[in-house]
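Structural characterization, general
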Amino acid sequence: METYIIKRDGKKELFTIDKIKNAISKAFLAVGAFATEETLTNILSHLRVSNETTVEDIQNQVEVALMAEGYYQVAKAYMLYRHQHTEDRDTQRRLDFMMNYVQASNAAEGSKFDANANVEHKNIATLIGELPKQGFIRLNRRLLTERIKEMFGKELSDRYMSLLNQHFIYKNDETNLANYCASITMYPWLIGGTKSIGGNATPPHNLKSFCGGFINMVFMVSSMLSGACATPEFLMYMNYFIEQEYGDDYYKRADEIVDLSKKRRTIDKVITDCFQQVVYSLNQPSGARNFQSVFWNISYYDRYYFKSLFENFRFPNGEAPHWESLDWLQRRFMNWFNEERLRCVLTFPVETMALLAENGDIKDKEYGDFTAEMYAKGHSFFTYVSDNADSLSSCCRLRNEITDNGFSYTLGAGGVSTGSKSVLTINLNRAIQYAVRNNIPYQAYIEDVVDLMHKVQLAYNENLKTLQERGMLPLFDAGYINIGRQYLTIGVNGLVEAAEFLGIEIKDSPEYAHFVQEVLGIIEKKNKEYRTKNVMFNCEMIPAENVGVKHAKWDREDGYVVPRDCYNSYFYIVEDTNINVLDRFRLHGRQYIEHLTGGSALHCNLEEHLSQEQYRQLLRVAAIEGCNYFTFNIPNTVCNDCGHIDKRYLKECPHCHSKNVDYLTRVIGYMKRVSNFSEARQKEAAKRYYAEASKAPKCVCE
Amino acid sequence: MKVASFDIVFQEIPGEVTLALNLSNCPCHCPGCHSPHLAEDIGEPLTAELLDGLIARYKGLITCVAFMGGDADPAEVARLAEWIKNHQSPMTNDQSVLRTAWYSGRQQAPECLTAQRSVSETVCQCNGLSGAAGLPFDYVKLGPYIESLGGLKSPTTNQRLYKRVGESWVDITSSFWKKEL
């Protein structure tokens, strides 16, 4: 009977003794010896090869056999020979990956490990960034499992790896070494420049050095984070420097010519030139980040938020920030950015408007109207609505409880310095299906997994603390980020799909609300249980990014029920045409998001822009329903032929009438060209249901 | 009268967040109709209770209720619109009362509007209603769908949307043609 062995690539091959003989002979020659037929027979007699023995196993046996026969030097040579081949194979794999990447249709498709990377074009710089990613994943896992073993024992560490490998849980951003995202206070920079974080810049002292220094500072900070960098004080500080230069009433004299050069620029022109410098610079691919641009977020505040956050703030000259001028500057920036986006595809900054709600409406009526006006003008940004100014979303995905609003010179500006250290996500669809199949109450199973996740996060936190103790995290030491205000985040994915599996209809109903509250309540319970004076946890419905696509693929391969190619990042099925716009706000309303302490964003996809009155009413809807974080997403059209950008969702370029058009839409919170998504994400985007404003018949008779 | 489906719409009634009730049994049979199924006898009977339930579900969220069709029984449409006007409690926000709209396909608007008769009279006359001044709508759309002329979004449309402003009606059809943002 013929014996087949299994090669490394899984293929079967007819077993022949000659190949082994050959390899052993070579090993003898390598140490200057010669293997006789008798020696070879003695060595080979130790081997046990049966059908489907693997090559790896046979080689292990050869090593043992050589040593058993006393040929230690030869065994060593044989091991070296094996190691060299392993390295060759590894290099070959990298080479294959490289060639695949070079031939992929776009950068996201080529990226194997972290496809949502904010990279528009692939080139040698992005390739250089891709190559070490697999190494980072291994390194991160090793660091983490070593620490878990030390803190909780080997069993827990093994269970973690097993759950990770079986895709019950997903460790986000494993391809980077840095902590995740942060909303920073720029106060230490304002006082001391970048010296404390390893730079050499002195503090900004005028508008020009503020703008230039700000760009450098954001690049530096971003290189020490794996995710987003939010600068909620950006416009407030800029306002301060404009006031220093042109007077506190500058906004009343915006048309005044203040530039003595031939340009004869007005105050307004000087300011918009600053906007241009900062925004265009920060949208550039960054060398230090593998050609990714930085992920930059800013915030706008209504009068009440501003007061709550910055009432006690003082600039170095002892002055408090001025609302009247900041109000003007916020409006100016937003309008400028909206118009600038017609000239160029600008992803950053991701903007969040923070509004306080009261009695079912926006408390600051002027800002409610202004927000609606900007949406009606086609501007794309997030809105955060809260009943109390005690929480803030300063990041594209992060909601923070502000525990202390007060400004302190030692901690920086109250409330704005925060973030998420690390995100670990549970795949609820798999976890719940697995539990049901194995007759385990799914609540108990989830609780068990979530408990482990907390321990893993604590281990991560210890590693971070060690890095900080060795002076590796200057952002913390210098006060840009307050480690006490940083969260360890438990992410959820596959919630909707799990509910569907359980036969629950995905719509606003007591049954579905109960399921959501029950599942998320388990996580919140654990978050509270593990909270200490130094460690805080939150729970977030993570943006699907590529995780939703990966989970769907893995779960389908393993025989789980998978209703779509990308798991939802929403509480409703994104392609369901029966869920109307108001239902979506309700499904992201207080009943459903109650336990999502880390937030979730409703991306309300619409085919057409609404009027200002309609957006204004939807702000009321958000306030009434308690939907605290949302944006409206109307795909913008970019002409591939003439480059014209239009804020509407069009089939044809209105400028040159070309039908060769692409769309800009939000993925993971960032405006991007659809053709730059990975293929799976493109599929999801195509399926997304953009509520047609005119879905109901224009007339019954029409 | 039966309602085949409902939806929340934005383009049909400018400036409003509208609960649109798609009424079936449409007698118009316009060639090229986008919703021919609404000519059939489908859906649930539209009772005051059903209407009340829907409005309660979106209380404070919608600003307008639109009856899409119902040309087979205009008197019933008017009665239900009247009922809405009389039976709603004040909303919690500063939006005033819930507005009502009727998308009718019956009249040839241009003919009806000659001799400067008010829309409400026109609507009443063409549909055999009484009580012209008290017509319980804030918006009325008139005109059948004529494929060659297009719907309201087409500048060549024969259809007209009127908005009540005080005691008179204003033709706001042109607001559908605004293209740029």
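Procedures and definitions
- Residues numbered from 1 in each chain as written.
- Chains lettered and ligands numbered in written order.
- Predicted model: local features only at pLDDT ≥ 70, side-chain atom pairs only at ≥ 80, totals over all residues.
- Heavy atoms only, no water.
- Helix = DSSP H or I, 4+ residues; strand = E, 2+ residues; numbered from the N terminus.
- Buried < 20%, exposed > 50% of the residue type's maximum accessible area, 1.4 Å probe, protein only.
- Contact = heavy atoms within 4.5 Å.
- Pairing = 2+ DSSP bridges.
- Axes fitted to C-alpha atoms, helices over the stretch in contact; angles between N-to-C directions.
- Arc of directions from axis to C-beta.
- Polar contact = N/O pair within 3.5 Å; in protein donor to acceptor, adjacent residues only side chain to side chain.
- Phe/Tyr/Trp six-rings, centres within 6.5 Å; stacked < 30°, edge-to-face > 60°.
- Lys NZ or Arg CZ within 6 Å of the ring centre and 35° of its normal.
- Salt bridge = Lys/Arg side-chain N within 4 Å of Asp/Glu carboxyl O.
- Parallel < 35°, antiparallel > 145°, perpendicular 65-115°, else oblique.
- Nonpolar A, V, L, I, M, F, W, Y, C, P; charged D, E, K, R; others polar.
- Left-handed = near helix turned anticlockwise from the far one by under 90°.
- pLDDT = per-residue confidence, 0-100.

**Considerations on the overall build of chain B**
- Looking only at helices and strands, chain B features four helices and eight strands.
- Going from N to C terminus, chain B has its helices and strands arranged as β-β-β-α-β-α-β-α-α-β-β-β.
- In chain B, buried positions account for 51% of the 181 residues.
- Considering only intrachain contacts with a sequence separation of at least 6, the fraction spanning at least 24 residues in chain B is 60%.

**Some points on the sheet that holds strand 5 (residues 99-103) of chain B**
Residues and elements named next belong to chain B.
- Strand order in the open sheet formed by eight strands is 3-1-2-4-5-6-7-8, with mixed pairing between adjacent strands. Either end of the sheet is taken by a strand with one partner, and the two such strands are strand 3 (44-45) and strand 8 (168-171).
- As defined by bridge partners, strand 4 (residues 64-68) adjoins strand 5 across five bridges and the pair is classed as parallel. Opposite Val65, over in strand 5, you have Thr100 as the bridge partner.
- Sitting on the sheet, helix 1 (residues 48-57) is in contact with strand 1 (2-9), strand 2 (18-23), strand 3 and strand 4, with an inclination near 150° to strand 2.
- Each of strand 2, strand 4 and strand 5 touches helix 2 (residues 74-87); the most contacted strand, strand 5, lies at about 165° to it.

**Points about the pairing of strand 18 (residues 636-639) of chain A**
Residues and elements named next belong to chain A.
- Neither face of strand 18 is open: one carries Asn636 and Val638, the other Thr637 and Cys639, and all of them are buried.
- Pairing between strand 18 and strand 19 (residues 645-646): two bridges, direction antiparallel. Across the sheet, Thr637 pairs through a bridge with Asp646, a residue of strand 19.
- Between strand 18 and the antiparallel strand that follows it, strand 19, lie five residues; Gly643 among them carries a positive phi value of about 85°.

**So, the environment of Val350 of chain A**
- Note on placement: Val350 of chain A falls in strand 8 (residues 350-358).
- In sequence terms Val350 of chain A and Met217 of chain A are 133 residues apart; their C-alpha atoms lie 18 Å from each other.

**Observations concerning helix 13 (residues 303-310) of chain A**
Residue and element names in this part refer to chain A.
- Residues of helix 13 that are buried include every one of Tyr305, Phe306, Leu309 and Phe310, and no others. Down the axis, helix 13 shows its buried residues gathered within 100° of arc, on one side only.
- Where helix 13 begins, the side chain of Asp302 points an oxygen toward the backbone nitrogen of Tyr304, at a separation of 3.1 Å.

**Quick word on the packing of aromatic side chains**
Residue and element names in this part refer to chain A.
- Counted by the stated rule, this structure contains 53 aromatic pairs over all chains.
- Taken together, a centroid distance of 5.2 Å and an interplanar angle of 40° make the contact between Phe306 and Trp323 tilted. Here Phe306 is found in helix 13, whereas its partner Trp323 is found in helix 14 (residues 323-340), with 17 residues between them in sequence. As far as burial versus exposure is concerned, Phe306 and Trp323 are alike and both buried.
- Cation over ring: Arg437 sits above Tyr560, and NZ or CZ is 4.4 Å from the ring centre.

**Thoughts on the pattern of salt bridges**
Residue and element names in this part refer to chain A.
- Inspection of the entire model under this criterion finds 58 salt bridges over all chains.
- Linking Arg8 and Glu56 is a salt bridge whose minimum nitrogen-to-oxygen distance equals 3.0 Å. Remark: Glu56 occurs in helix 3 (residues 55-68) and Arg8 occurs in the loop between strand 1 (4-6) and strand 2 (12-14); sequence separation between them is 48 residues.
- Note that Arg586 is salt-bridged to Asp508, the shortest N-O span being 4.0 Å. Linking Arg586 in helix 22 (residues 581-587) with Asp508 in the loop between helix 19 (495-501) and helix 20 (510-530), this pair joins segments that are 78 residues apart in sequence.
- Judged by its relative accessible area of 14%, Arg586 is buried.

**Re the packing of helix 10 (residues 207-222) of chain A against helix 11 (residues 234-246) of chain A**
All names here are of chain A.
- Axis separation between helix 10 and helix 11 bottoms out at 9 Å; the angle between their running directions is 155°. In terms of axis orientation, helix 10 runs roughly antiparallel to helix 11. Each of Leu207, Phe210 and Phe214 in helix 10 lies in contact with helix 11, whose residues at this interface are Phe234, Tyr237, Met238, Phe241, Ile242, Glu245 and Tyr246.
- Each residue belonging to the contact of helix 10 with helix 11 can be placed in one class, and the counts come to nine nonpolar, no polar and one charged.

**Re the sheet that holds strand 3 (residues 53-54) of chain A**
All names here are of chain A.
- What the three strands build is an open sheet, ordered 2-1-3; its pairing is mixed. The two strands at the open ends of the sheet, each matched to only one other strand, are strand 2 and strand 3.
- Note that strand 1 and strand 2 share three bridges and pair antiparallel. Bridge pairing in strand 2 links Ile6 to Lys12.

**Some remarks on the side chain of Ser104 of chain B**
- Here Ser104 of chain B shows up in the loop between strand 5 and helix 3 (109-112).
- A polar side-chain atom of Ser104 of chain B sits 2.8 Å from a polar atom in the side chain of Asp71 of chain B.

**So, the packing of helix 17 (residues 442-469) of chain A against helix 20 of chain A**
All names here are of chain A.
- In the contact formed by helix 17 and helix 20, the axes pass within 10 Å of each other and the chain directions differ by 35°. Read as a crossing pair, helix 17 and helix 20 show a hand that is right-handed. Contacts between helix 17 and helix 20 involve Tyr442, Gln443, Ile446, Glu447, Val450, Asp451, His454, Lys455 and Leu458 from the first element and Phe515, Glu518, Val519, Ile522, Ile523, Lys525, Lys526, Asn527, Glu529 and Tyr530 from the second.

**Describing the environment of Arg48 of chain A**
All names here are of chain A.
- Looking at the element boundaries, Arg48 is found in the loop between helix 2 (37-44) and strand 3.
- In this structure the C-alpha to C-alpha distance between Arg48 and Gln61, which are 13 residues apart in sequence, comes to 8.0 Å.
- Within the structure, Arg48 has its side chain in polar contact with the backbone oxygen of Ser45 (distance 3.2 Å).

**What to know about the confidence of the model for chain A**
All names here are of chain A.
- Averaged over all residues, the pLDDT of chain A equals 87, while 89% of them reach at least 70.
- Below pLDDT 50 for its whole length, residues 402-414 participates in 36 contacts with residues either more than four positions away or in separate chains.
- Below pLDDT 50 for its whole length, residues 692-702 participates in 53 contacts with residues either more than four positions away or in separate chains.

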